[in-house]
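Residue strings, one per chain:
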Amino acid sequence: MNMYEAIFSRKSIRHYKNEAIEWEVLSDILQFADELPKLVDDIAIEFKLVSNIETKQGFYGPFTVKAPYYICISSEKKGDYLINAGYMMEQISLYITSKGLGTCFLGGAAPGKGLKDTMRYDYVISLAFGIPSGTLYRDSHEAKRLDEEELVVYKEDVDSDIRQMITAARLAPSSLNNQPWRFVVYKNRIHIFIRKNIALYKVMDSINKIDIGIMLANLLIAAEELWIDVSISKLDSLKNKDFKNNQYVLTMTIG
Ligand SMILES: Cc1cc2nc3c(=O)[nH]c(=O)nc-3n(C[C@H](O)[C@H](O)[C@H](O)COP(=O)(O)O)c2cc1C
């Protein structure tokens, strides 16, 4: 299984066997993480692998998931660091999934102070992972996701590859399965927006940006798999516009 295929069969795993993973596998995951290209080059980040196998290192919060391993990202706090962190962590999640292990993002739980103090930059988010105690994969049709009509406005007829990229994006995991992304799609560009959550706007703003980064990873992995050249930019014409229900994030230009 490659990372593209993992997009279609991954599900969040919340129950793990308390079993160690071979060091070669862990070090391969860390090497993959360290070699990942960033979405935003000039934001320094650090990954930290936490093992709970011998000593409990402490993750706290109402939505914590007990797992044998966690990988945490800390980042310089500037620009689109939250989108960048989500983008990098989703690739790690899909990589781990493709190796036959389970993962779950942890936004509702955080490492304790002792652990946070060992991190080089500001803690952003972590990913629990390990050997699942139940099934690892599911069919993509079983994923609970909003219908395409609720997320996407097609302004022109687009080819099946672009629709497939949107399907990959739609399957991305998000905190509370909130799926904050919205798309306006033309033949040669996809404008990406965040749906404003009026009630929880302030609370959800940061985590929604991580979600957007996660979704972008899926979109870019799908583009690569389908041999579609894409580039990302922010259009001034949309950046300065005030949309009632949505916040403009960026535009993906195709070809
Ligand atoms: C940024 C982020 C934070 C999350 N935080 C938690 C969490 O704290 N606890 C948890 O059990 N699941 C968490 N999840 C998992 C989501 O609830 C899950 O991805 C979503 O419900 C969709 O389910 P699926 O991943 O099985 O498709 C988080 C997901 C994301 C993307």
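Values in this document were obtained by computation on a predicted structure and should not be read as measured data.

Asks: For this particular structure, what's the right way to read the packing of helix α2 (residues 23–35) against helix α3 (residues 81–98)?
Replies: Each pair of packed helices can be described by the angle between their axes along with the distance between the axes. At a minimum axis distance of 10 Å, the contact between α2 and α3 shows a crossing angle of 150°. By the angle class used here, α2 and α3 are roughly antiparallel. The interaxial crossing formed by α2 with α3 has right-handed handedness. On α3, the residues touching D28, I29, F32 and A33 of α2 are Q91, I92, Y95 and I96. Classifying every residue of the contact of α2 with α3 gives 6 nonpolar, 1 polar and 1 charged.

Asks: Help me understand the domain arrangement of the protein, please; the structure alone is not making it clear to me.
Replies: By a frequent convention, interface size equals the accessible area lost on bringing the separate parts together. On domain assignment, one finds that the protein holds domain 1 (3–130) and domain 2 (144–254). Spacing between the C-alpha centres of domain 1 and domain 2 amounts to 23 Å. Each partner contributes to the interface: domain 1 provides 18 residues, whereas domain 2 provides 23 residues. With both chains or domains summed, domain 1 and domain 2 bury close to 1800 Å², and 80% of this area falls on carbon and sulfur atoms. Salt-bridge contacts for K234 lead to D80; the nearest nitrogen and oxygen are separated by 2.7 Å. The tally of links from domain 1 across to domain 2 stands at 3 residue pairs in polar contact (both at pLDDT 80 or more). Looking at the side of domain 1 that touches domain 2, the elements that each hand over two or more residues are α1 (3–9), α3 and β6 (122–130). Tallying contributions element by element places α3 first for the side of domain 1 that touches domain 2, with 7 residues. Grouping the constituent residues of the side of domain 1 that touches domain 2 by class yields 12 nonpolar, 3 polar and 3 charged.

Asks: I keep staring at the side chain of E90 and nothing clicks. Help me out?
Replies: Tracing the backbone shows E90 in helix α3. Setting aside its immediate chain neighbours within four residues, E90 contacts F105, P173, I214, A217 and N218.

Asks: Which parts of the structure should I look at to understand the side chain of R10?
Replies: Position of R10 among the secondary structure elements: in the loop between α1 and α2. For the buried R10, no salt bridge is present, and the opposite-charge side chain at shortest range is E90, 5.2 Å distant. One polar contact links R10 to S93, side chain to side chain, over a distance of 3.2 Å. A distance of 3.1 Å separates polar atoms of two side chains, one belonging to R10 and the other to T103.

Asks: So what exactly am I meant to see when it comes to α2 here?
Replies: Within an α-helix, residues lying three or four positions from one another point in the same direction, as the helix has 3.6 residues per turn. With 13 residues, α2 should cover 18 Å at 1.5 Å per step; its first-to-last C-alpha distance of 18 Å lies within 8% of that length. For α2, the full list of buried residues reads L26, I29, L30, F32 and A33. Buried residues along α2 cover an arc of 155° about the axis, so they all sit on one side. Residues of α2 that are exposed and point more than 90 degrees away from the buried face comprise W23, E24, D34 and E35. Here the buried face of α2 lies against α1, β1 (45–51), β3 (69–75), α3 and β6.

What counts, and at which threshold
- Residues numbered from 1 in each chain as written.
- Predicted model: local features only at pLDDT ≥ 70, side-chain atom pairs only at ≥ 80, totals over all residues.
- Heavy atoms only, no water.
- Axes fitted to C-alpha atoms, helices over the stretch in contact; angles between N-to-C directions.
- Helix = DSSP H or I, 4+ residues; strand = E, 2+ residues; numbered from the N terminus.
- Parallel < 35°, antiparallel > 145°, perpendicular 65-115°, else oblique.
- Left-handed = near helix turned anticlockwise from the far one by under 90°.
- Contact = heavy atoms within 4.5 Å.
- Nonpolar A, V, L, I, M, F, W, Y, C, P; charged D, E, K, R; others polar.
- Domains from an automatic or database assignment.
- Buried area = accessible area lost by both parts, 1.4 Å probe.
- Salt bridge = Lys/Arg side-chain N within 4 Å of Asp/Glu carboxyl O.
- Polar contact = N/O pair within 3.5 Å; in protein donor to acceptor, adjacent residues only side chain to side chain.
- Buried < 20%, exposed > 50% of the residue type's maximum accessible area, 1.4 Å probe, protein only.
- Lys, Arg positive; Asp, Glu negative; His and termini not counted.
- Expected span 1.5 Å × (residues − 1).
- Arc of directions from axis to C-beta.

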